[in-house]
Amino acid sequence: NLDHQLIPLRDKAQNLSLHCPLPTYHLSIHIAVKMSRPELTGHASLFYNAKEAKKYDSSSRMVGVQREITERAIELLRLPSVSDKPSFILDVGCGSGLSGQVLEEHGHVWLGCDVSRDMLEVANDRIERKRDDAINGKDDSSDDEMKVSDSNETSIASSGDLMHHDMGTGLPFRPATFDACISISALQWLCYSNTSAQVPKKRLVRFFSSLYQVLRRGGRAVLQFYPETAEQAVLISECAAKVGFAGGVVVDYPNSAKAKKHYLVLTFDRGYSAPKGLSDTHLANQVRVDDARRDKGKGKIRKKRNGKSKDWILHKKDTQRQKGKEVRPDTKYTGRKRKDKF
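Residues numbered from 1 in each chain as written. Predicted model: local features only at pLDDT ≥ 70, side-chain atom pairs only at ≥ 80, totals over all residues. Heavy atoms only, no water.

1. A few points about the sheet that holds strand β12 (residues 261-267)
In space, the 7 strands of this open sheet follow the order β8-β5-β4-β9-β10-β12-β11, with mixed pairing throughout. The sheet terminates laterally at β8 (160-164) and β11 (246-252), the two strands that pair on one side only. Ignoring strand direction, the axes of neighbouring strands in this sheet form an average angle of 15°. Examined bridge by bridge, strand β4 (residues 88-92) and strand β5 (residues 109-114) share 5 bridges and lie parallel to one another. From the neighbouring strand, Asp91 faces β5, where its bridge partner is Gly112. Set on the sheet, helix α3 (residues 60-77) makes contact with β9 (178-184), β10 (215-225), β11 and β12; between it and β9 the angle comes to about 145°. Contacts from helix α6 (residues 200-214) reach β4, β9, β10 and β12 within the one sheet, and its direction differs from that of β10 by about 140°. (Pairing = 2+ DSSP bridges. Helix = DSSP H or I, 4+ residues; strand = E, 2+ residues; numbered from the N terminus. Axes fitted to C-alpha atoms, helices over the stretch in contact; angles between N-to-C directions. Contact = heavy atoms within 4.5 Å.)

Structure, rendered in structure tokens:
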């Protein structure tokens, strides 16, 4: 059992910290200005309806954020080389399948579960498209492999599958089914109750207990989440430790209000020590590089291209004449640039 101690709020700073001896980690949470959280609107299946699911999947910003978080989660999993054997990974709260797509790119096989049928419909459409592309373009010489070579590109059938399920009711899989587990931006939903029958602590314990069973020994889980308060982070950590998990919380960019991410890393290894999170210095370097790319060439004098050169004007007038419109005759002044001053 873990004995958590909450450090009181600093004056006007609103900075909560929790320190946990077993497993060892330090978590810092800054409570930002009140913002609308999807978890406060009701059940996840109601919030992520058909309209929201398509909006979620088509947002380039959301796609980029999901990819970045999934890449980081895969890094923390420390999976064996895919050349030896692809890992079978459970994606809890898979949503529209953005994280599963990243797992496929790394050569892994995955199974995603989510409580929103509309999100799963979007994910299923992506999987079916990939499978159809692989089947329709399949080379006759390789019937056993669903691969296609076209213009030096290879189309591979999706290695993912989907299941409609609420993770708060437990994971309905056989023991030691999965090599690893990831969850992107979903775990915090279990900290909220939509009915009197839903008790956050019981749902968390039920989820972690079933996760402990379905992971093979030696496997690892990386669950990225957004805690609203320090109490939620404590509750999640206590429930994970209660069922037997070891591990800790990795916090990337702890001093950034927007870029800060929390990753709960769970393992069976009692000697595991959670790695340090990415520092704000690393984030600052990324910003400086982006700024340098954006500002590159600002001092250069570029020729203004407005498309109205003499050739463009003559071509435009010819086009208008062919349409039967009245056009002024061409002269030596046609297309000539006027002086700035008379």
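2. Considering the packing of α3 against helix α4 (residues 98-105)
In the contact formed by α3 and α4, the axes pass within 9 Å of each other and the chain directions differ by 50°. With respect to each other, α3 and α4 are oriented oblique. With respect to the hand of their crossing, α3 and α4 are arranged in right-handed fashion. On α4, the residues touching Val63, Gln66, Arg67, Thr70, Glu71 and Ile74 of α3 are Leu98, Ser99, Val102, Leu103 and Glu105. Residues that form the contact of α3 with α4 fall into these classes: 5 nonpolar, 3 polar and 3 charged. (Parallel < 35°, antiparallel > 145°, perpendicular 65-115°, else oblique. Left-handed = near helix turned anticlockwise from the far one by under 90°. Nonpolar A, V, L, I, M, F, W, Y, C, P; charged D, E, K, R; others polar.)

3. Looking at the environment of Met163
Take Met163: it is sitting in strand β8. The exposure class assigned to Met163 is partly exposed, which follows from its relative accessible area of 23%. In sequence terms Met163 and Gly112 are 51 residues apart; their C-alpha atoms lie 6.2 Å from each other. Residues in contact with Met163, not counting those within four places in the same chain, are Leu111, Gly112, Cys113, Asp114, Leu120, Pro172 and Phe173. (Buried < 20%, exposed > 50% of the residue type's maximum accessible area, 1.4 Å probe, protein only.)

4. Points about the confidence of the model for the protein chain
Overall, the predicted model of the protein chain reaches an average pLDDT of 80, with 76% of residues at or above 70. Predicted confidence for residues 139-153 stays below pLDDT 50, and this span has 22 contacts to residues more than four positions away or in other chains. (pLDDT = per-residue confidence, 0-100.)

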